[in-house]
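# Structural overview
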Amino acid sequence: MTIHLPKSLAGPLDKLREKDREAELTPREITAELDKYIIGQNAAKKAVAVALRNRYRRRRVPADLADEITPKNILMIGPTGVGKTEISRRLAKLTVSPFLKIEASKFTEVGYVGRDVESIVRDLVRMAVDMIRQEKTLEIRDKASAGAEEKILDLLLPPVRRRDGVVSDEDHQRYLESREKIRRQLRDGLVEDRVVEIEVRDRSTPPLEIFSNQGVEEIGLQIQEILPGFMGGRTKKRKVKVSEAREYFLDEEERRLIDMDLVARLAVERVERSGIVFLDELDKIAGRESGRGPDVSREGVQRDLLPIVEGTTVHTRYGLVRTDHILFIGAGAFNVAKPSDLIPELQGRFPIRVELTSLNKADFVRILTEPENALIKQYKALLETEGVEITITADAIDEIAQTAEEVNREAEDIGARRLHTIMEKVLEEISFQAPDIAAKKITVDRAYVRNALQDIVKNADLRRFIL
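Now for a description of the structure that goes with this document. As a convention, each chain's residues are numbered from 1 in the sequence order in which they are written. This being a predicted model, a pLDDT of at least 70 is required before a residue's local features are given, and a value of 80 or more before pairs of side-chain atoms are given or counted; all residues contribute to the totals for chains, interfaces and linings. For the side-chain quantities, the full set of heavy atoms in the structure was used; hydrogens and water were omitted.

A word on the packing of aromatic side chains. Two rings from Phe, Tyr or Trp (for Trp, the six-membered ring) form a pair when their centres sit within 6.5 Å of each other. Planes less than 30 degrees apart are called stacked, planes more than 60 degrees apart edge-to-face, and all others tilted. Going through the model one piece at a time under the given rule, you end up with one aromatic pair. Centroid distance Tyr248 to Phe249: 5.9 Å. Interplanar angle 65 degrees. Geometry classified as edge-to-face. Judged by its relative accessible area of 8%, Phe249 is buried. Definition used: whenever NZ (Lys) or CZ (Arg) falls within 6 Å of the ring centre and also within 35 degrees of the ring normal, the charge is taken to sit over that ring. Positioned over the ring face of Tyr37 is Arg90, at 3.9 Å from the centre of the ring. Relative accessibility under 20% of the residue-type maximum defines a buried residue, over 50% an exposed one, and the middle range a partly exposed one, all with a 1.4 Å probe and only protein chains included.

Written out as structure tokens, the structure is:
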């Protein structure tokens, strides 16, 4: 399968080719970019912007001093749905940094075995490898496409062969002319449905996995590299259309042209230099040793996480990875536990504390309308695919925001996530009837919103389950 670069990554990559993306962005510019997607939470945006800029600054100081400068890890404190994860994810996309989100509480689950906290670093390296591979794929895409085209032409018009091995100049010239004619047809898409026979690798056997003291890991050396013809080394002939053959040959050419050893080295370097790990639900593992119950495992997880956050070397299939300069962003609601309930050593590794505030009605109105990925814009775009033009009035947006604030206050505060539930309920009927609806222009006003939500809003029990 051809590797396609996600649109979220394709934009920044063009600028990244000539300059370090982190070097291009000042803290003010970083916060301005985050403002396009996240409403409010200026303290958190400022903290991550400074932490990101400090990584660039560290690389510019003398090497002996640079090793002594540790990342200023951040602890975000605030309820769910206020933007903690989104700030970290957008920051990673902005700088094209390897990013991993993981819940710290998963390591406290009863019976959870087979992996340890070092799997965080191994997963981050795998993501970096995929990221670098995608970048390299863009660089060699034209060359790979040309190689794939030549292979398809060889199938559509095999080279001229004579029994005596001698091909006249006239026959060779005629062959070249025919080949160029078919090349033009191929590029114009005129032979996409023609069937050709190709040799493909037999991939019917899944990759092996082993259990080790480091958890479930893929075998580093592929068996077919050791024993040719075993587990995917064999080939078989298949009849496919030209369009499918092109995809296969393109993938094959990309694999041949990309130096995976170089990709691995660059991935390890990028993780060590600009990796970001978002440790969610830190409050769920906050707790001191009590001798019994879940607190034992909680403190154990904290002590397991400590070396990774402090800086250690982790063995991965792509090489040794130092975690000394990976940026860790911790997060949690901390409505029951407090940051001071973490063990002192772990507290000290998150020197920057920022508190994210709960969202109110004014914030909800802005979230619905201002960001580049605003919910209103998303629903309009979805319904436009069915030919339905929807207009959501200002008073309807005000009513949706008011309802979200009330439900969050009366039930449980889940922040901006409440808007998704309410918007889906408000537009449920339109979304259902969109393919067959006669009126292609629909206006949603305050009365429409109230009518869609009246039964649920009045019934507290029903509201608790649905909204």
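Here the focus is helix α14 (residues 361-369). In an α-helix, one full turn covers 3.6 residues, which means residues spaced three or four apart are oriented alike. Under the DSSP-based scheme used, a helix requires at least four consecutive residues in state H or I and a strand at least two consecutive residues in state E, with every element numbered from the N terminus. Taken together, the buried positions of α14 are Asp363, Phe364, Ile367 and Leu368. Buried residues of α14, viewed axially, fall in a sector of 135 degrees; they line one side. We call two residues contacting when some pair of their heavy atoms lies within 4.5 Å. Taken together, the buried residues of α14 touch α15 (375-384), α16 (394-410) and α17 (417-426). The directions considered for the arc are those from the helix axis to the C-beta atoms.

Spatially, the five strands line up as an open sheet ordered β2-β7-β10-β1-β11, and their pairing is parallel. Sheet topology places β2 (99-103) and β11 (352-355) at the edges, where each strand pairs with a single neighbour. Ignoring which end each strand starts from, the neighbouring axes of this sheet average 20 degrees apart. Strand pairing requires that DSSP identify at least two bridges connecting the strands. Relative to strand β7 (residues 276-280), β2 runs parallel, the two being bridged by five bridges. Opposite Ile102, over in β7, you have Leu279 as the bridge partner. For helices, the axis comes from a line fit to the C-alpha atoms of the stretch in contact; other axes are also lines fit to C-alpha atoms, and the angle between any two N-to-C directions lies between 0 and 180 degrees. Where helix α6 (residues 84-95) meets the sheet, its contacts fall on β1 (74-77), β2, β7 and β10 (327-332), and the angle it forms with β7 comes to roughly 170 degrees.

A separate point is the pattern of salt bridges. The salt bridge criterion pairs a side-chain nitrogen of Lys or Arg with a carboxyl oxygen of Asp or Glu, the two atoms within 4 Å. A full pass over the atoms with the stated rule returns 36 salt bridges. Taking the shortest distance from any N to any O, the salt bridge between Arg270 and Glu135 comes out at 2.6 Å. Of this pair, Arg270 sits in helix α11 (residues 260-274) while Glu135 sits in helix α7 (residues 119-156), placing them 135 residues apart in sequence. Taking relative accessible area as the criterion, Arg270 reaches 11% and is therefore assigned buried. With a closest N to O distance of 2.9 Å, Glu244 and Arg238 form a salt bridge. Its relative accessible area of 39% is what places Glu244 among the partly exposed residues.

What follows deals with the environment of Arg194. Tracing the sequence through the fold places Arg194 in the loop between α8 (169-187) and β3 (195-201). Considered as a pair, Arg194 and Val240 are 46 residues apart in the sequence and their alpha carbons are 8.3 Å apart. Excluding residues that lie within four positions of it along the chain, Arg194 makes contacts with Leu156, Val240, Lys241 and Val242.

To continue, consider the nonpolar core. Residues grouped as a nonpolar core are buried Ala, Val, Leu, Ile, Met, Phe, Trp, Tyr and Cys residues, joined through side-chain atoms within 4.5 Å. In this structure, Ile120, Ile198, Leu279, Leu282, Leu305, Phe328 and Phe350 are the most contacted members of the largest nonpolar core, which totals 57 residues. Per element, the largest residue contribution to this core is 13 residues, and it comes from α7. Formed by 55 residues, the second largest nonpolar core is a distinct cluster that contains Val48, Leu359, Ala396 and Val449.

Attention now goes to the side chain of Thr31. Relative to the elements of secondary structure, Thr31 occurs in helix α3 (residues 27-35). In terms of polar contacts, Thr31 uses its side chain to reach the backbone carbonyl oxygen of Arg28, at 2.8 Å. Here a polar contact means two N or O atoms within 3.5 Å. Within protein one must be a hydrogen donor candidate and the other an acceptor candidate, and residues neighboring in sequence count only if both atoms are side-chain atoms.

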